[in-house]
Amino acid sequence: MKTLSIVIPALNEADNLPAVMRSVPVAALSARGWSTEVVVVDNASTDGTGEVARDLGAQVVHQPARGYGNAYRAGFTAATGDVIATGDADRTYPFDALPGLLTALEALNVEFMTTNRLCRDNAAAMKRSHTFANHVLSGVSRMLFRNGLRDSQSGMWIFRRHVWHGIDVRSGGMAFSQEIKNAVTLAGYRTLELPIEYRKRGGEVKLNALPDGMANLRQLFHHRFRRPLVAPADVAAHAQPSGAEEFGTTA
């Protein structure tokens, strides 16, 4: 069978995890030929998140260094699947959409797929100020990296394992989300952005909107003009021959 790892960073999400784990469509994925593991990264939680995740059948990785990017690095290291999917532990991302998204990944021969939450139908699930900030950051990302992204901050991605080993991503915090997308653009992988349903968050909001937004804005400019690291030798075998292409999008 094809192997899928779903990596979920979690900081004090014990109350949300039961609903999140129920939303993972293991049976539907199995029917389409996917063997699925769920990796929950306990990012120094104090509410028993790790214990709850383990009781629910997830593989638990403990990452004591807090930060969105730090959590994902630990999760990607532990993941064993040929394809990796991501999403937050706050009930906002539709893990039940994975069968359809994976079908698109395979049918269109995509190496890295990201998702667009900023559709009109999702307007009620996000504060207007957060929506505005996401549009601003996405616009700057399009300008600097010419990637065509409508939602540079989305936390749901699906990608083939080799992509992670062929990109230069350095952020340990929230900027990790935009950086991984811009890194795959620079590396020239085959990419796609698809719309998803975005749902209201369960529990406490952990995003520090203004400081996180300003930090992400600074990171965009730093990333665009920093000196790249030497890419692994096997990247050329997977990257597009003529350099980076824009993310393909659908409405």
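One can find the structure itself at the top, above this paragraph.
What comes next is a walk through the structure.

Observations concerning the pairing of strand β5 (residues 112–116)
Turning to step 1, where the next piece is worked out: Within β5, five of the five residues are buried, which leaves the element mostly enclosed by the surrounding structure.
Turning to step 2, where the next piece is worked out: Along β5, one buried face is formed by Phe112, Thr114 and Asn116 and the opposite face, lined by Met113 and Thr115, is buried too.
Turning to step 3, where the next piece is worked out: Sheet analysis places β5 next to strand β6 (residues 157–160), joined by three bridges and oriented antiparallel. Within the sheet, the bridge partner assigned to Phe112 lies in β6 and is Phe159.
Turning to step 4, where the next piece is worked out: Sheet analysis places β5 next to strand β7 (residues 191–195), joined by five bridges and oriented parallel.

Details of the side chain of Gln63
Turning to step 1, where the next piece is worked out: By the secondary structure assignment, Gln63 is in the loop between β3 (59–62) and α4 (68–78).
Turning to step 2, where the next piece is worked out: When its relative accessible area of 15% is taken as the criterion, Gln63 is described as buried.
Turning to step 3, where the next piece is worked out: A distance of 3.2 Å separates the side chain of Gln63 from the backbone oxygen of Asn70, its partner in a polar contact.
Turning to step 4, where the next piece is worked out: Excluding anything up to four places from it in sequence, Gln63 contacts Val41, Asp42, Asn43, Ala44, Asn70, Ala71 and Ala74.

Quick word on the packing of α4 against helix α8 (residues 176–187)
Turning to step 1, where the next piece is worked out: Two elements in contact, α4 and α8, have axes whose closest approach is 9 Å; the angle formed by their N-to-C orientations is 60°. The angle between α4 and α8 places the two elements in the oblique class. Counted together, Tyr68, Gly69, Tyr72, Arg73 and Phe76 of α4 and Phe176, Ser177 and Ile180 of α8 form the full contact between these two elements.
Turning to step 2, where the next piece is worked out: For the contact of α4 with α8, the per-class residue count stands at five nonpolar, two polar and one charged.

Some remarks on the environment of Arg150
Turning to step 1, where the next piece is worked out: Following the sequence through the fold, Arg150 ends up in the loop between α6 (128–145) and β6.
Turning to step 2, where the next piece is worked out: What makes Arg150 partly exposed here is its relative accessible area of 36%.
Turning to step 3, where the next piece is worked out: Counting along the chain gives 11 residues from Arg150 to Gly139, while the straight-line C-alpha distance between them is 7.6 Å.

Some remarks on the packing of aromatic side chains
Turning to step 1, where the next piece is worked out: Counted according to the given criterion, the structure contains 11 aromatic pairs.
Turning to step 2, where the next piece is worked out: Ring geometry for Tyr72 versus Trp157: centroids 5.0 Å apart, planes at 45°, classification tilted. Taken together, the positions of Tyr72 in helix α4 and Trp157 in strand β6 put the pair 85 residues apart, joining distant regions of the chain.
Turning to step 3, where the next piece is worked out: Since its relative accessible area comes to 0%, Trp157 is described here as buried.

Some words on the side chain of Glu111
Turning to step 1, where the next piece is worked out: Here Glu111 lies in the loop between α5 (98–107) and β5.
Turning to step 2, where the next piece is worked out: When its relative accessible area of 1% is taken as the criterion, Glu111 is described as buried.
Turning to step 3, where the next piece is worked out: Polar side-chain contacts of Glu111 include one of 2.9 Å to the side chain of His162.

What about the pairing of β3?
Turning to step 1, where the next piece is worked out: Here strand β2 (residues 34–42) pairs with β3 via four bridges, running parallel. Residue pairing in the sheet places Val39 in a bridge with Gln59 of β3.
Turning to step 2, where the next piece is worked out: Each parallel crossover has a hand, and the one from β2 via helix α3 (residues 49–55) to β3 is right-handed.

Some remarks on a negative patch on the surface
Turning to step 1, where the next piece is worked out: Taken together, the side chains of Asp15, Asp47, Glu51 and Asp55 present a region of like negative charge at the surface.
Turning to step 2, where the next piece is worked out: On the secondary structure map, Asp55 appears in helix α3.
Turning to step 3, where the next piece is worked out: Here Asp55 falls in the exposed class, since its relative accessible area comes to 68%.

How each quantity is defined
Residues numbered from 1 in each chain as written. Predicted model: local features only at pLDDT ≥ 70, side-chain atom pairs only at ≥ 80, totals over all residues. Heavy atoms only, no water. Buried < 20%, exposed > 50% of the residue type's maximum accessible area, 1.4 Å probe, protein only. Helix = DSSP H or I, 4+ residues; strand = E, 2+ residues; numbered from the N terminus. Pairing = 2+ DSSP bridges. Polar contact = N/O pair within 3.5 Å; in protein donor to acceptor, adjacent residues only side chain to side chain. Contact = heavy atoms within 4.5 Å. Axes fitted to C-alpha atoms, helices over the stretch in contact; angles between N-to-C directions. Parallel < 35°, antiparallel > 145°, perpendicular 65-115°, else oblique. Nonpolar A, V, L, I, M, F, W, Y, C, P; charged D, E, K, R; others polar. Phe/Tyr/Trp six-rings, centres within 6.5 Å; stacked < 30°, edge-to-face > 60°. Right-handed = clockwise from strand over helix to strand, strands pointing away. Patch = residues over 30% accessible without salt bridge, like charges linked within 9 Å, V, L, I, M, F, W, Y side chains within 5 Å. Areas by Shrake-Rupley, 256 points an atom, 1.4 Å probe, with all protein chains shown as cover. Salt bridge = Lys/Arg side-chain N within 4 Å of Asp/Glu carboxyl O. Lys, Arg positive; Asp, Glu negative; His and termini not counted. Charge placed at Lys NZ, Arg CZ, Asp CG, Glu CD.

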